[in-house]
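A look at the structure
One letter stands for each residue in the lines below.
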Amino acid sequence: MSRVYNFSAGPSAFPEPVLQQAQQEMLEWRDSGMSVMEMSHRGKHFLMIAEELESDLRALLAIPDNYKVLFLQGGASAQFSLIPQNILNGKAKACYIKTGAWSEKAIKDAMSYCDVVVSASSEDTKYTTIPEASTWVLDEQAAYLHYTSNETIHGVEFQETPDAKGLTLVSDMSSNILSRQIDVSRYGLIYAGTQKNMGPAGVTVVIVRDNLIGHASKTTPSVFNYESQANNGSMLNTPATYNWYLVGLVLKWLKTQGGVEAIEQRNIVKAAKLYQAIDQSALYHNPVELASRSRMNVPFILADASLDKPFLAAAEANGLFELKGHRSVGGMRASIYNAMPEAGVLALIDFMAEFERTH
Ligand SMILES: *Cc1c(COP(=O)(O)O)cnc(C)c1O
């Protein structure tokens, strides 16, 4: 067997011990006599898995008691529509910060439900910056302020929780949840698809303050109604049971790594080394302003685009996979989520230096 270093943006690399544990438990989970895949979601064994999943996530993020944690389907993309349906609460406007491809999509879907106020945009810098907070135009009539904490495609990340100036803060944390410490109490709602930093595709985590739920519009489908899902342990319909289990294993792995505080320190080191290698080279270039660079997704372009294909081919020959950049940005992108060991980043840096030397 020869497992490679997988730099995919999502679905993305798993911690290897998690895959091994899933393999060991494939035929029988603990003393249940069956695979997790075969369990009723109402049975006592699966309910144990569900309880541990929620309590581990609450512990890792220090989620206060007045927040509900939901495990839904439809991806983070479904939330683009479900957030306005659930929390507009009769208001006609919502504010959005536009910093890249994912916030663009969130805005587009929200426009079907309310007047979107684009409070700030970095489109004019081709999404290589985060707009200066002093320039944001916040509308106090808005139901909430939405931002994308890490733009997975453009490689732009907020380094701090923005000041929502009294508005309810909503964040799409799909690609950086659990990679850095956050104060959940500053948010009204946090959401994230699990396939970047938490496990496989197929689960969407929604962490929502309890006073925001119970106000969904009448046309909201009940499986997407935060209140009815909260009242039913996210089991109003059959949940993605095996995926919940896998997310739970990833959370337990993260606890063995020292939790979010410890993994954040490792993420800082990994990203700093990779950016330093890029900045010191004549061949590679990252266009994002220093203060807004993502620790999770590192896009870089080659000075000569005709080297892209040879770069990718040589990288694969060296066991370094999924480095092709998003088609809208071009070049390369290395996604270095929690599960990417520092050794993988160092192998990439060595390869890049060798490729530069020989080209
Ligand atoms: C991947 C991603 C999404 C979309 O997730 P889906 O599960 O495919 O809907 C949304 N927002 C961000 C920031 C992402 O990285």
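Residues numbered from 1 in each chain as written. Predicted model: local features only at pLDDT ≥ 70, side-chain atom pairs only at ≥ 80, totals over all residues. Heavy atoms only, no water.

**A few points about the nonpolar core**
Counting 56 residues, the largest nonpolar core has Leu-57, Leu-178, Trp-244 and Tyr-245 as the members making the most contacts within it. Both domain 1 (17–256) and domain 2 (257–358) contribute no fewer than three residues apiece to this core. Those residues in contact with Leu-57, other than ones at most four positions away along the chain, are Ile-63, Val-69, Phe-71, Leu-178, Met-198, Val-205 and Leu-251. (Core = buried A, V, L, I, M, F, W, Y, C linked by side-chain atoms within 4.5 Å. Buried < 20%, exposed > 50% of the residue type's maximum accessible area, 1.4 Å probe, protein only. Domains from an automatic or database assignment. Contact = heavy atoms within 4.5 Å.)

**A few points about the site of the ligand**
For the ligand, the set of nearby residues contains 13 residues, the closest of which are Ser-77, Thr-152, Asp-172, Gln-195 and Lys-196. Thr-152 places a side-chain nitrogen or oxygen 2.4 Å from an oxygen atom of the ligand. Protein contact buries 86% of the 390 Å² of open area that the ligand shows by itself. Looking at which element gives the most residues to the shell around the ligand, the answer is helix α3 (residues 75–87), with 4 residues. (Near = heavy atom within 4 Å. Polar contact = N/O pair within 3.5 Å; in protein donor to acceptor, adjacent residues only side chain to side chain. Areas by Shrake-Rupley, 256 points an atom, 1.4 Å probe, with all protein chains shown as cover. Helix = DSSP H or I, 4+ residues; strand = E, 2+ residues; numbered from the N terminus.)

**Structural notes on unusual backbone geometry**
Geometrically, the link from Gly-10 to Pro-11 is a cis peptide bond, its omega value of -10° lying close to zero. In this fold, Pro-11 is placed in the loop between β1 (5–6) and α1 (16–24). The residue Asn-89 is not glycine, and still its phi comes out positive at about 50°. Among the structural elements, Asn-89 can be located in the loop between α3 and β3 (93–98). Since its relative accessible area comes to 46%, Asn-89 is described here as partly exposed. Positive phi, normally seen in glycine, also occurs at Ser-234, with a value near 60°. Inspection of the secondary structure assignment puts Ser-234 in the loop between α5 (226–231) and α6 (241–256). Note on Ser-234: relative accessible area 3%, which makes it buried.

**Details of helix α9 (residues 342–358)**
The end-to-end C-alpha separation of α9 is 24 Å, in line with the 24 Å expected for 17 residues at 1.5 Å each. All of the buried residues along α9 are Gly-344, Val-345, Leu-348, Ile-349, Phe-351, Met-352 and Phe-355. Mapping the buried residues of α9 onto a view down its axis gives an arc of 165°, with all of them on the same face. α9 presents Asp-350 and Arg-357 as exposed residues on the side facing more than 90 degrees away from its buried surface. (Expected span 1.5 Å × (residues − 1). Arc of directions from axis to C-beta.)

**Some remarks on a nonpolar patch on the surface**
Taken together, the side chains of Met-26, Leu-27 and Met-37 present a nonpolar region at the surface, about 330 Å² in accessible area. Inspection of the secondary structure assignment puts Met-37 in the loop between α1 and α2 (44–61). For Met-37, a relative accessible area of 48% translates into the label partly exposed. (Patch = residues over 30% accessible without salt bridge, like charges linked within 9 Å, V, L, I, M, F, W, Y side chains within 5 Å. Salt bridge = Lys/Arg side-chain N within 4 Å of Asp/Glu carboxyl O.)

**Structural notes on the domain arrangement of the protein**
In terms of domains, the protein is made up of domain 1 (17–256) and domain 2 (257–358). The C-alpha centroid of domain 2 is placed 26 Å from the C-alpha centroid of domain 1. Elements supplying a minimum of two residues to the side of domain 1 that touches domain 2: β7 (156–157) and α6. For the side of domain 1 that touches domain 2, the element with the highest residue contribution is α6, accounting for 4 residues. Of the residues contributing to the side of domain 1 that touches domain 2, the split by class is 7 nonpolar, 13 polar and 4 charged. (Nonpolar A, V, L, I, M, F, W, Y, C, P; charged D, E, K, R; others polar.)

**Quick look at the sheet that holds strand β11 (residues 284–285)**
With antiparallel pairing, the 3 strands of this open sheet are ordered in space as β11-β12-β14. Unpaired on one side and paired on the other, β11 and β14 (332–335) mark the two borders of the sheet. By the bridge criterion, 2 bridges tie β11 to strand β12 (residues 297–302) in an arrangement that is antiparallel. Counted as the bridge partner of Tyr-284 is Leu-302 from β12. (Pairing = 2+ DSSP bridges.)

**Quick notes on the pairing of strand β2 (residues 67–72)**
Burial runs high along β2: 5 of the 6 residues are buried. Where β2 lies against strand β10 (residues 204–209), 6 bridges are found, and the strand directions are antiparallel. Looking at the pairing, Lys-68 lines up with Val-208 of β10.

**Regarding the sheet that holds β2**
Whenever strands of a sheet pair, they do so through backbone hydrogen bonds, lying parallel or antiparallel. A sheet is described by the order of its strands in space; here 7 strands give the open sequence β2-β10-β9-β8-β5-β3-β4, paired in mixed fashion. Looking at the sheet topology across the chains shown, the edges are occupied by β2 and β4 (115–121). Put simply, the sheet's adjacent strands are angled 20° from each other on average, direction ignored. Relative to β10, strand β9 (residues 189–193) is paired through 5 bridges, and the arrangement is antiparallel. From the neighbouring strand, Ile-190 faces β10, where its bridge partner is Ile-207. Sheet strands in contact with α3 are β2, β8 (169–172), β9 and β10, and its direction is about 155° off that of β9. In this fold helix α4 (residues 101–110) packs onto β3, β4, β5 (145–148) and β9, with an angle of close to 160° to the strand it touches most, β3. (Axes fitted to C-alpha atoms, helices over the stretch in contact; angles between N-to-C directions.)

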